[in-house]
Amino acid sequence: MSGQVAIVGAGPSGCYLAQALLKAQPDLIVDLIDRLPVPYGLVRYGVAADHQGTKGVTRQFARLFERQGARFFGNVAVGEAITLDALRAAYDVVVLAAGLSVDRPLGIPGSDLPGVIGAGRLTRSLYEHPDADALPDLGPRPLIIGNGNVAIDLLRLLAKTPEELEGSDLGAGPTKWLERQAIEEITITGRSPAAQAKFDAVMIKELAKLAGVTIRVIGAGASDDPAEQKKIDALLALDGIATGPRRVTFRFGLTPLGVEGADRAEAVHFTSPAGEETLPCSSVLTAIGFDPAADLPRDALVSLAADAEAGVLAPGLYAAGWFRRGPRGTIPDNRADAQALAGAILTDLAPDPSRQGAAVLAALPDVTDYTGWTRIDSAETATARPGRCRSKIATRDAMLSIARKDHGDAP
Amino acid sequence: MKLAILYGTETGNAEMLAEDLTAELEGANEVDCHNLADFAPADFAPDTFYLLICSTYGDGELPASAQPFAEVMEAEKPDLSAIHFAIFGMGDSEYDETFNHGPKRLAELMAAHGANQIGDRIAHDASGADMAEDLAFPWAEAVIEMAQDTVGEAA
Ligand SMILES: Cc1cc2nc3c(=O)[nH]c(=O)nc-3n(C[C@H](O)[C@H](O)[C@H](O)COP(=O)(O)OP(=O)(O)OC[C@H]3O[C@@H](n4cnc5c(N)ncnc54)[C@H](O)[C@@H]3O)c2cc1C
Ligand SMILES: Cc1cc2nc3c(=O)[nH]c(=O)nc-3n(C[C@H](O)[C@H](O)[C@H](O)COP(=O)(O)O)c2cc1C
């Protein structure tokens, strides 16, 4: 027997790790366990609806299950449906690749007012994550706090005209919601100067294609560093674009001090090198990073870790992806990480044939498998509306019922 | 004529295609497959026809696995005038200004060192409707046919 590995989380980190493990050792048993009935994590529920090309990596991940022998166990929340200890007892190796899903709080007075909405929460609702809240009203003048790629994704989606969403997989409900918001103005603020903004220049360049906006970039500054100046140049190229009525304003160097409003967010009070300033708004969207969910004791595990940097938490227990590194890095970073971690895991691996493996999951209710996902996937692409490439099944119950369909019919 | 598939990738799509193409060609040909990250320009051989597969990253740049290769090429300036290659590119038309610039750069780098390109550079679009292999298999067949009479002759 060659060893049994359970990977908690079937997002890009978990999938790339499974890929690297199975390439190096094809007879390994690799089980990907996810709290959702469907795989692929943020590739499905975070990568923007209008960036379908980026989602193309799922073709590689499908291979894992179709040809490389990995197995998918969906609808299993580790820490809830099964304890981490039980999983560790059943497998030679457990890898936590559960991501980081909780919006980092703004932590200033007024930040718990209605109308202050985290980017994670909002994108989950927009992209029809089965555990998402209903889409909140943003009103005509949302203000985005944050200067990473997630903030730019949100800005772009909110700024697009219905025609510009052709070919995306934005759902019917979210599409209507977006039109109903009747957004007039989007302000995006960053705490750092533009030179230190975390977004990539390509994300900014893409905004130059927006068809219905009037863009102003205020205080972008300048830099001696070519990489920084590239970002600034991309921003400056946006300034003055006037293709339509929706106003988009970039501001930098603004540190939020408080959210103001009687019973919902109506303005944000900032300080900056130039003094204090209050910007009115109809909602506040925060895109300032992510923290761990409460279901897995990440902080305790990392603080006791043998070598947290290398992803080694304890004997037989590892961490990968955002769960290991924090909420930084794109899909390719996870691939590089996963390849390094696979090497470490295979070096340490000491298979114990008495471990029960996936049998530990057998008694859990409504576990979905890869075949179930292919049924959901086919149903979603078959029912895509005009102008959309997919129509996501949005509730857990509907997913489970489609995944189960013709179970039992098989010989 | 031997075949060697060399791929440059960042998120693995070009690697998967390279593996698929290797499997597709293996029956009728002698074929090797390498990541550009593991290939030294000094190893180019005139009796081999090189099928390059390369994606695009950042702002029209070479993907991570092709960058060390490009650096060694720039540093060592090998004479590739007896070498023949064809190139298949991967990109995403969402990045319209820099669409498929990675493979374009790689082709230019090869040509700058004297290598001879066979056939046109094909561009796969991640936002398009075609599967990469549906474009790449016919491309490979066509360029291999074109290369039959040329590759190795000059050696
Ligand atoms: C809004 C947004 C947009 C992004 N856009 C891009 C982009 O365009 N391009 C790009 O390269 N990167 C993008 N990123 C970054 C990219 O998504 C991350 O680098 C990547 O998803 C991290 O992978 P991961 O596998 O560590 O985590 P995730 O993708 O979050 O996967 C974690 C998985 O674990 C599961 N899970 C969580 N807890 C449990 C549990 N207790 N038990 C079982 N399963 C569990 C989750 O359901 C999920 O499927 C974006 C990120 C966000 C937030
Ligand atoms: C951050 C990022 C930047 C990219 N930049 C470009 C680009 O400038 N031009 C292009 O044609 N494709 C670009 N692409 C698309 C990739 O080249 C395409 O998805 C390809 O299939 C990736 O292949 P790989 O997985 O082998 O790297 C980019 C993709 C990402 C995620």
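These numbers come from a predicted model, not from an experiment.

**Considering the sheet that holds strand 9 (residues 213–217) of chain A**
Picture the strands of a sheet paired through backbone hydrogen bonds; they go either parallel or antiparallel. All names here are of chain A. Spatially, the 6 strands line up as an open sheet ordered 6-14-7-8-10-9, and their pairing is parallel. Because the sheet does not close on itself, it has two edges, and the strands there are strand 6 (116–118) and strand 9. Ignoring which end each strand starts from, the neighbouring axes of this sheet average 20 degrees apart. Pairing of strand 8 (residues 185–189) with strand 10 (residues 246–251), which is carried by 5 bridges, proceeds in the parallel orientation. Residue Thr189 lies in a different strand from strand 10, and its bridge partner there is Arg251.

**Some words on unusual backbone geometry**
Of note in this structure, Asp366 of chain A is not a glycine but carries a positive phi near 55 degrees. Structurally, Asp366 of chain A can be placed in the loop between helix 12 (331–348) and helix 13 (370–382). Despite not being glycine, Asn100 of chain B has its phi angle at roughly 60 degrees, a positive value.

**Some points on the UniProt feature "domain: FAD/NAD(P)-binding" (unreviewed entry) in chain A**
In this numbering, the UniProt entry assigns the feature "domain: FAD/NAD(P)-binding" (unreviewed entry) to residues 4–216 of chain A. A helix fraction of 33% and a strand fraction of 16% characterise residues 4–216 of chain A, whose end C-alpha atoms lie 55 Å from each other.

**Concerning the UniProt feature "domain: Flavodoxin-like" (unreviewed entry) in chain B**
The UniProt feature table records "domain: Flavodoxin-like" (unreviewed entry) at residues 3–144 of chain B. From the first C-alpha to the last, residues 3–144 of chain B spans 9 Å; its make-up is 35% helix and 23% strand.

**Notes on the site of ligand 2**
Residues and elements named next belong to chain B. Near ligand 2 you find 20 residues, and of these Thr9, Thr11, Asn13, Ala14 and Thr98 are the closest. Interatomic distance of 3.0 Å between a backbone N/O atom of Gly12 and an oxygen atom of ligand 2. At 2.7 Å, a backbone N or O of Asn100 approaches an oxygen atom of ligand 2. Burial of ligand 2 by the surrounding chains reaches 92%, relative to a free accessible area of 650 Å².

**Observations regarding the pairing of strand 4 (residues 84–91) of chain B**
Residue and element names in this part refer to chain B. The buried count for strand 4 comes to 8 of 8 residues, which makes it a mostly enclosed element. On strand 4, burial covers both faces: His84, Ala86, Phe88 and Met90 on one face and Phe85, Ile87, Gly89 and Gly91 on the other are all buried. Pairing between strand 3 (residues 48–54) and strand 4: 6 bridges, direction parallel. Paired with Ile53 across the bridge in strand 4 is Phe88. For the handedness criterion, the β-α-β arrangement of strand 3, helix 2 (residues 67–76) and strand 4 is classed as right-handed.

**Thoughts on the sheet that holds strand 12 (residues 267–272) of chain A**
Residue and element names in this part refer to chain A. Read from one edge to the other, the open sheet built from 3 strands follows the order 11-12-13, with strand pairing classed as antiparallel. On the outer flanks of this sheet lie strand 11 (255–260) and strand 13 (275–280), each paired with one strand and no other. Sheet twist, expressed as the mean angle between neighbouring strand axes with direction ignored, is 25 degrees. Pairing between strand 11 and strand 12: 5 bridges, direction antiparallel. The residue bridging Val259 from the neighbouring strand is Val268, located in strand 12.

**Here's the deal with the site of ligand 1**
Residues and elements named next belong to chain A. Every one of the 31 residues lining ligand 1 counts as a neighbour, but Ser13, Asp34, Asp295, Gly329 and Ile331 are closest to it. At 2.9 Å from an oxygen atom of ligand 1 is found a main-chain nitrogen or oxygen belonging to Leu42. Out of a free accessible area of 1000 Å², ligand 1 has 91% covered by protein chains. Every element with two or more residues in the shell around ligand 1 is listed here: helix 1 (12–24), helix 2 (41–45), helix 6 (149–159), helix 11 (321–325) and helix 12. Counted by class, the shell around ligand 1 contains 16 nonpolar, 11 polar and 4 charged residues.

**Section: the pattern of salt bridges**
Taken as a whole and judged by the stated rule, the model has 33 salt bridges over all chains. Across the pair Glu19 of chain B and Lys23 of chain A runs a salt bridge, and its minimum N-O distance is 2.9 Å. Placement of Glu19 of chain B in helix 1 (residues 13–26) and of Lys23 of chain A in helix 1 is noted, with the two residues assigned to different chains. For Lys23 of chain A, a relative accessible area of 38% puts it in the partly exposed group. Salt-bridge contacts for Asp291 of chain A lead to Arg104 of chain A; the nearest nitrogen and oxygen are separated by 3.1 Å. One end of the pair, Asp291 of chain A, is in strand 15 (residues 290–291); the other, Arg104 of chain A, is in the loop between strand 5 (102–103) and strand 6, with 187 residues separating them in the sequence. Judged by its relative accessible area of 32%, Arg104 of chain A is partly exposed. When salt bridges with common partners are traced through the structure, they connect Asp50, Asp153, Arg156, Lys160 and Glu206 of chain A into a single cluster.

**Concerning the confidence of the model for chain A**
When the pLDDT values of chain A are averaged, the result is 96; 98% of them are 70 or greater. Below pLDDT 50 for its whole length, residues 407–411 of chain A participates in 2 contacts with residues either more than four positions away or in separate chains.

**Some words on the pairing of strand 12 of chain A**
Residues and elements named next belong to chain A. Taken across its 6 residues, strand 12 has 5 buried, putting it largely inside the fold. Count of turn residues in the strand 11/strand 12 antiparallel hairpin: 6 residues, of which Gly261 carries a positive phi of about 155 degrees. Joining the antiparallel neighbours strand 12 and strand 13 is a turn of 2 residues.

**Observations concerning helix 3 (residues 101–112) of chain B**
Residue and element names in this part refer to chain B. Taking 1.5 Å of rise per residue, the 12 residues of helix 3 would be expected to cover 16 Å, and the 16 Å separating its terminal C-alpha atoms lies within 8% of that figure. Of the positions making up helix 3, those classed as buried are Gly102, Pro103, Leu106, Ala107, Leu109 and Met110. Along the axis of helix 3, the buried positions cluster into a sector of 160 degrees, meaning they face one direction only. Buried residues along helix 3 sit in contact with strand 3, helix 2, strand 4 and strand 5 (116–117). Gly114 sits one or two positions beyond helix 3 and adopts a positive phi of about 95 degrees.

How each quantity is defined
For every chain, the first residue of the written sequence is number 1, and numbering continues from 1 onward in sequence order. Chains carry letters and ligands carry numbers; both start at the beginning, A for chains and 1 for ligands, and go up in the order they are written. Side-chain atom pairs in this predicted model are given and counted only at pLDDT of 80 or more, local residue features only at pLDDT of at least 70, and totals for whole chains, interfaces and linings cover all residues. As a convention, hydrogens and water are excluded, and side-chain values are obtained from all of the structure's heavy atoms. Note on pairing: two strands pair once DSSP finds at least 2 bridges between them. Helix and strand definitions here come from DSSP, where helices need a minimum of 4 consecutive H or I residues and strands a minimum of 2 consecutive E residues; each element is numbered from the N-terminal end. For helices, the fitted line uses only the C-alpha atoms of the stretch in contact; every axis is such a line through C-alpha atoms, and the angle between N-to-C directions lies from 0 to 180 degrees. UniProt positions are given in the numbering used here, feature names are shortened, and annotations may be inferred rather than shown by experiment. Distances are taken per atom, and a residue is near a molecule or strand as soon as one of its heavy atoms is within 4 Å of it. For the purposes of these results, a polar contact is taken to be a pair of N or O atoms within 3.5 Å, where, inside protein, one atom must be able to donate a hydrogen and its partner to accept one; residues adjacent in sequence count only when each atom of the pair is a side-chain atom. Calculation of accessible area relied on Shrake-Rupley with a 1.4 Å probe; when residues are assessed, cover is drawn exclusively from the protein chains displayed. Burial classes: relative accessible area under 20% of the type maximum marks a residue as buried, over 50% as exposed, and values in between as partly exposed (1.4 Å probe, protein chains only). By convention, orient the strands away from the viewer: a clockwise path from the first strand over the helix to the second makes the crossover right-handed. Lys, Arg, Asp and Glu make up the charged group, whereas Ala, Val, Leu, Ile, Met, Phe, Trp, Tyr, Cys and Pro make up the nonpolar group; the residues left over, Gly among them, are polar. Each salt bridge in this description consists of a side-chain nitrogen of Lys or Arg and a carboxyl oxygen of Asp or Glu lying within 4 Å of one another. The quantity called pLDDT is the predictor's confidence in a given residue, expressed from 0 to 100. Whether two residues touch is decided by their heavy atoms; if any such pair falls within 4.5 Å, the residues are in contact. A helix's residues, less one, multiplied by 1.5 Å, set its expected span. Arc, as used here, means the arc of the directions from the helix axis to the C-beta atoms.

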